[in-house]
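# Observations on the model geometry
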There are 2 protein chains.
Amino acid sequence: MNIKIKISLLVFVLVVFSCKEKALVNDEQTGNQGHPSLILTEQGVKEIRANLGSIPIFDKTLAATKQEIDAEIEQGFDVPVPKDYSGGYTHETHKKNYILMQKAGALYQILDDEKYAKFVKDMLFEYAKQYPTWPIHPKPRSYARGKLFWQCLNDSNWLVYTAQAYDCIYNYLTEEERNTLETDLFKPFADYISKENPQFFNRVHNHATWGNAAVGMIALAMDDDELLDRALNGVKDVDFDPNEKDNDGGYIRKDGQQIGFYANVNEPFSPDGYFTEGPYYQRYASYPFLIFAQALQNKKPEHKVFEFKDGVLLKSVNALLNLSDADGEFFLLNDAQKGMSYYNSSLISTVDIGYHFGGNNPGLLSIAKKQGEVTLDDAGLAVALGIKEGKEKPFVKKSIELSDGANGDEGAVGVLRSGGLELVFKYTAHGLSHGHYDKLSYALFDDGDEVVQDYGMARFVNIEQKGGGNYLKENTTWAKQTIAHNTIVQNETSQFQGKYDIGSQYHSNGYIFSVGNDSLQVASAKEENAYPGTKLHRTVVTIKDEDYDKPYVLDIMRVSSQNSNQYDLPFYFLGHIMKTNFEYSKYDVPKILGKSDGYQHLYKEASSTSNGENIQLNWLQNNKFYTYTAVTSNNNEIIFGRIGANDPEFNLRNEQTLILRKKNVNDALFVSTIESHGTYSPVSELAINAYSNIANLSVIHNSKEYTAVLIETNNDKSKVFIISNENNDKDAAHKLAINDKEYTWKGPYILIENK
Amino acid sequence: MNIKIKISLLVFVLVVFSCKEKALVNDEQTGNQGHPSLILTEQGVKEIRANLGSIPIFDKTLAATKQEIDAEIEQGFDVPVPKDYSGGYTHETHKKNYILMQKAGALYQILDDEKYAKFVKDMLFEYAKQYPTWPIHPKPRSYARGKLFWQCLNDSNWLVYTAQAYDCIYNYLTEEERNTLETDLFKPFADYISKENPQFFNRVHNHATWGNAAVGMIALAMDDDELLDRALNGVKDVDFDPNEKDNDGGYIRKDGQQIGFYANVNEPFSPDGYFTEGPYYQRYASYPFLIFAQALQNKKPEHKVFEFKDGVLLKSVNALLNLSDADGEFFLLNDAQKGMSYYNSSLISTVDIGYHFGGNNPGLLSIAKKQGEVTLDDAGLAVALGIKEGKEKPFVKKSIELSDGANGDEGAVGVLRSGGLELVFKYTAHGLSHGHYDKLSYALFDDGDEVVQDYGMARFVNIEQKGGGNYLKENTTWAKQTIAHNTIVQNETSQFQGKYDIGSQYHSNGYIFSVGNDSLQVASAKEENAYPGTKLHRTVVTIKDEDYDKPYVLDIMRVSSQNSNQYDLPFYFLGHIMKTNFEYSKYDVPKILGKSDGYQHLYKEASSTSNGENIQLNWLQNNKFYTYTAVTSNNNEIIFGRIGANDPEFNLRNEQTLILRKKNVNDALFVSTIESHGTYSPVSELAINAYSNIANLSVIHNSKEYTAVLIETNNDKSKVFIISNENNDKDAAHKLAINDKEYTWKGPYILIENK
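Note that this is a predicted model, so its numbers are computed, not measured.

### A short note on the overall build of chain A
On a plain count of helices and strands, chain A comes out with 18 helices and 26 strands. Over its C-alpha atoms chain A spans a radius of gyration of 28 Å, differing by no more than 12% from the 27 Å that the globule rule assigns to 755 residues. With respect to the three principal axes, the spread of C-alpha positions in chain A is 90 × 60 × 55 Å. With 755 residues in all, chain A has 65% of them scored as buried. For chain A, restricting intrachain contacts to residue pairs at least 6 apart in sequence, the fraction spanning at least 24 positions comes to 67%. For chain A, the exposed surface amounts to about 26700 Å²; the carbon and sulfur share of it is 47%. If the 76 positive side-chain charges of chain A are averaged to one point and the 100 negative ones to another, these points end up 2 Å apart.

### A short note on the environment of I711 of chain B
Along the polypeptide, I711 of chain B turns up in strand β22 (residues 706-713). Leave out the neighbours within four places in its chain, and I711 of chain B touches I543, Y552, L554, I694, N696, L697, K717, S718 and K719 of chain B.

### Thoughts on the packing of aromatic side chains
Per the counting criterion, the structure on display carries 84 aromatic pairs over all chains. Taking 5.7 Å as the distance between ring centres and 40° as the angle between the ring planes, the aromatic pair formed by F650 of chain A and Y584 of chain B counts as tilted. A residue pair is termed interchain when its members come from two chains, as with F650 of chain A in the loop between β17 (634-643) and β18 (656-665) and Y584 of chain B in the loop between β12 (576-580) and β13 (585-592). For the pair formed by F650 of chain A and Y584 of chain B, the shared burial category is buried. Considering the side-chain rings of W158 of chain B and F189 of chain B, the 4.8 Å spacing of their centres and the 20° angle between planes classify their relative orientation as stacked. Here the residue W158 of chain B occupies a position in helix α6 (residues 152-169), and F189 of chain B occupies one in helix α7 (residues 175-193), the gap between them amounting to 31 residues. As far as burial versus exposure is concerned, W158 of chain B and F189 of chain B are alike and both buried.

### Quick word on the sheet that holds strand β2 (residues 412-418) of chain A
Residues and elements named next belong to chain A. Overall, antiparallel pairing links the five strands, which are arranged β1-β2-β3-β4-β5 in an open sheet. Looking at strand neighbours, the two that pair on one side only are β1 (400-403) and β5 (449-452), the edges of this open sheet. For this sheet, the mean inter-axis angle between neighbouring strands, taken without regard to orientation, is 20°. In the sheet, strand β3 (residues 421-427) pairs with strand β4 (residues 442-446) via five bridges, with the strands oriented antiparallel. Bridged to E422 within β4 is F445.

### So, the domain arrangement of chain A
Residue and element names in this part refer to chain A. Annotation of chain A at the domain level lists domain 1 (1-40 + 269-397), domain 2 (77-237 + 259-267) and domain 3 (400-754). The distance between the C-alpha centroids of domain 1 and domain 2 comes to 23 Å. The interface of domain 1 with domain 2 comprises 27 residues on the first partner and 34 residues on the second. Both sides of the domain 1 and domain 2 interface together cover about 2900 Å² of buried area, and 69% of this is carbon and sulfur.

### Section: the sheet that holds strand β18 (residues 656-665) of chain B
Residue and element names in this part refer to chain B. On the basis of which strands lie adjacent, the open sheet formed by six strands has the order β6-β11-β18-β17-β14-β13 and antiparallel pairing. Of all strands in the sheet, those bounded by a partner on one side alone are β6 (489-490) and β13. Across eight bridges, the pairing between strand β14 (residues 602-611) and strand β17 (residues 634-643) is antiparallel. Bridged to T609 within β17 is E637.

Reading the values: rules and limits
Residues numbered from 1 in each chain as written. Chains lettered and ligands numbered in written order. Predicted model: local features only at pLDDT ≥ 70, side-chain atom pairs only at ≥ 80, totals over all residues. Heavy atoms only, no water. Helix = DSSP H or I, 4+ residues; strand = E, 2+ residues; numbered from the N terminus. Rg over C-alpha atoms; globule rule 2.2 N^0.38 Å. Buried < 20%, exposed > 50% of the residue type's maximum accessible area, 1.4 Å probe, protein only. Contact = heavy atoms within 4.5 Å. Areas by Shrake-Rupley, 256 points an atom, 1.4 Å probe, with all protein chains shown as cover. Lys, Arg positive; Asp, Glu negative; His and termini not counted. Charge placed at Lys NZ, Arg CZ, Asp CG, Glu CD. Phe/Tyr/Trp six-rings, centres within 6.5 Å; stacked < 30°, edge-to-face > 60°. Pairing = 2+ DSSP bridges. Axes fitted to C-alpha atoms, helices over the stretch in contact; angles between N-to-C directions. Domains from an automatic or database assignment. Buried area = accessible area lost by both parts, 1.4 Å probe.

The structure is reproduced here in structure tokens:
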């Protein structure tokens, strides 16, 4: 270690630990050698007991947990022979059991009441009795079938929680009892999900993260260094088939890939803490990452796990929270179910651990307060004390760009936030097996409501009626396809041909991300591999006009190709059409838009041919009025589509889209604005500012080097936005003559106001 | 007046006035002779001034009003030459002006600051200057065009508010000034909407109510007894054309009809206070009814307006509030826009007047508190004092039947409330020109969310983009038609042929309304005129099974006809289909279901033919799981429909329906249950009780006299519900043998539990 690195590490340690509650810091050299030592520590338990009754959010969580577990103890438990998929009895019961054990273990430590320890012990012994007799789970759907559950993933969930329970009652058990549990249950369990399922364990994937964390947690609880090494570094000397895929179509492993927990931290997280699958899966994955990191930090601080990759695990907490809308719901990037938010229980751990080990950021306290609950451990105590002491500050979400890729050089997600609008712009890498084929797509939120949507995934998680709660086939045929998103489709074919093998090789590249001026924020990115021979360059801008309440979005999508193509740009507005400024013909009955690549799922309900003027679509959603204004060329086709064709079981939501289609052109320029300009109240029945403020939108220059858009507004003002298409140097000087007027500026873009 | 009547009136007066704030009761003999004397009285103003600063809800409303009016005074006003339809500048400005004047008038009285009086005076004089020069409004759409607005209705709105303002500044003006205003503005204004537009004024209709109240208010303000008589009793000696209709297709007047304010109270309100057009229009109409009644009571107590028709105006307040769901949103009966609620400003007057003049019901205080606002007058003061003194109690809405018809003998609305469910069952008269053709239809709400919907009206009120904010043509072609509702359609023809002339002659009849037992509530009604030769008898039941969290609904629709017909029973579930227990074929592209009577607006998306077993439809809405279970006969057709065909401007909402169709039969029996049985959380991703608890539903007896349904549930229990179809005598003894088992009971129905 050279001196420079030493110093930066020292600084980091100072930053991370400077604000911590002193009493809760364990010995950095030796760690916690006794039990509990994973999420609760001996010192932490002392502190918790000393503070009980005076830490409201902790006391409340404790009381609720006690009530829940007392009722369960009263009722007794069941350890059924595994049989069902998720949603079925045996699945749900084993899932419930591990949560009960984890909570009962914590209660035993905090309340010092042996009934909780006995409950955990009795259940563990029942598992230890039955586990050796259970074959592989009878349901065949998974590439890595578990024993308690239909997939090793759920078995790993079980072990991550159960290891915590075991740690909590470790000292309550006799050595002989511990030997029985470890020999009959924990070690074979850990071996099964690792050695016997290397196609599950030796991956870089959220499945493997759970597997690694599970083996690691039980290793720490049992003080088993060989197992801990396996968790951290994978199962060694296992052959693998480079063509083997999982159920989602993702490759199991690629050549030369690192394995084990560290590899799972290193690869999917960018240096900014963005998780390449997207926030929905980060939310799911963050629990094992952080719970194991917490346990490792408590028990083996010499691993310095929170310093790994420049503190990426702690950065990931901040990244994840920043990828939520005003209501705390996560943005939809790749496979994601709508409505998931930072109120999810795994986020309680995430926030508490992030606070406790990440420098006590007071903004996290405000989120913990909204969650209304803390973890019953050292981290939760730290949060409870922070809130009690009034340290809470708002968690302010600003515009942010989060790089993707292990080295941060595989594109990014850009979020522009302005006046209640949140625009999520995707120019990332593929996102592993959960990735969608939608480079340069965006979604728009207004005060926490999605108004230009990303469809999300075609899945109803844990709703057994819908395909057992698993991914529906429409996830592949519709939700992942490009046409399901707000971005360019060339020749009715998805980007990267909709093939994972191709898409996963590439990423988009950020071009501009400039958010220093709240009234003019710009994100721009390029994609040159989605369609070979075609270059896509999209720029999204939020502009605050002082005459209007809300900022509006300017969207410039520039396409240039070596070949003549058809380009479709869908616009998935959510809400009810109020008015268009163009005529269209609605068909008696809808047609089907296309044959494949998701087009087979779209009805074509109406269409129109542009006369080259601006088109405007005015719609109402959640009692707000919106208008989309787009520049068109003569004979552009305008299509009103609706999702739901070839959907024999009504799996899809029947929402609308407007598609702007340009045919038989090499190059194309799509320019539009989106405004949130008015409101309606069904109670007062007042419509306020129901119409767009945009008078006209026009392209006044478009060359290889520059694109210039003139925005004329109804206040008799106008603005010109010019972007330099090939030079994003912040200091470069530009000069451009448009209609005999000369514009000069410095940097990659300029907005000129004509008053 | 005979003695009996005198006593009952006395009792009523005691009930109504016993709890009133003594100081606010005016002299019953003489009334308030000075000014103000309409909604504010001299005594009331004294009381208000004495209490200011110590009556929070009043103080808050006052401060907000002061802030609003101060800003407007600062900015100045405009009295533009009338030109636009609603949504346009001149319409919205004149509308704003009358509200500003009314508020400024109240501020002048309460704050004793002349700047408010001057603002009203200046605006009134501007109107007095221009009004005589204005021709009839240039927009031609109305059967009764106004001068300030495109219809007399809005002119009347103006005068109702402006009369209050005039009363408030009456003493501020010189006699000469008053003469100018009365001569140049108020008298010609009142004449125009009455004498010159008798087709508007001499009706029984919400339009006329506004007209009558407008003339009455200004009459009271001017002390003009001739005008007051006109308001109360109509314009005398006017010929009328019995075939003349208004823009909604309603007849202007029928022979022998009473006219004037009293007639407008008497006819549309049933003795229970139900307003025949439905709660949406009652909400709109209630303001002029109650504001004028208040003014009349204050100024001319000898009219005893609140005692008219046994106190029906005060009863109407209770009726209206009972026709709202758990969130305070009004049920959709006839023409009605979704989302209208008791938070509407007209309900603030309604609640405050209902409290002040109706015996100080403490339940009304809890609604006033939710509204967060009171009227700035005597009634508002009474409410503010009630809240301040902690008299508030919850407004508990129970199951209720509200009769329809001036004499209460034209059917009713029945509302069954049980465990969060609210079932609204319609067996009313037609509802004047706003009536829909849907006898024996129902809608179901769960915790304030509509789950089996009434479509409401096809109109976006005040949203100019959609047909100027007026009724859309789809209101007639779709929303009013029977197939748009959850009730029987015979031979694809709407009830009463969809003709107002026919429908308005008839009403359904209640048969049973029994809600004494919270676990078993029954509403049953018959309709024998919708289809000549066909009798419809529907019974809806809420049953609370102790083994399940929520009650469920049993629906028995019995049809018997002299002829062979096709019967369709649509079921407008709101939400996403999760699963059906039957196979169906979805078409590649939808078909159109029919040619007329609303069928032309329905797509047929999928269909199935029943094998005679139960069909089940399980769906998800607002994160709750619901199941519809229906008995079928062999070869019944099951149709999945979707609204939106022949809708060239996307005016309709594209929601789904399931239609059960029975063909070529004289008699038919439709039996189904609806359950709200489970929940889903997109945050925890847990699905709880996702499936129906109904194992089987079967008809075990059906004769002219009795219908018996066996409900078998998954808890291995069953219940038999038997209804006597022809004898609803509560004391009648019944005996019926079904499958060798003899059932005996008393009264029109029985539920037998087999455990």
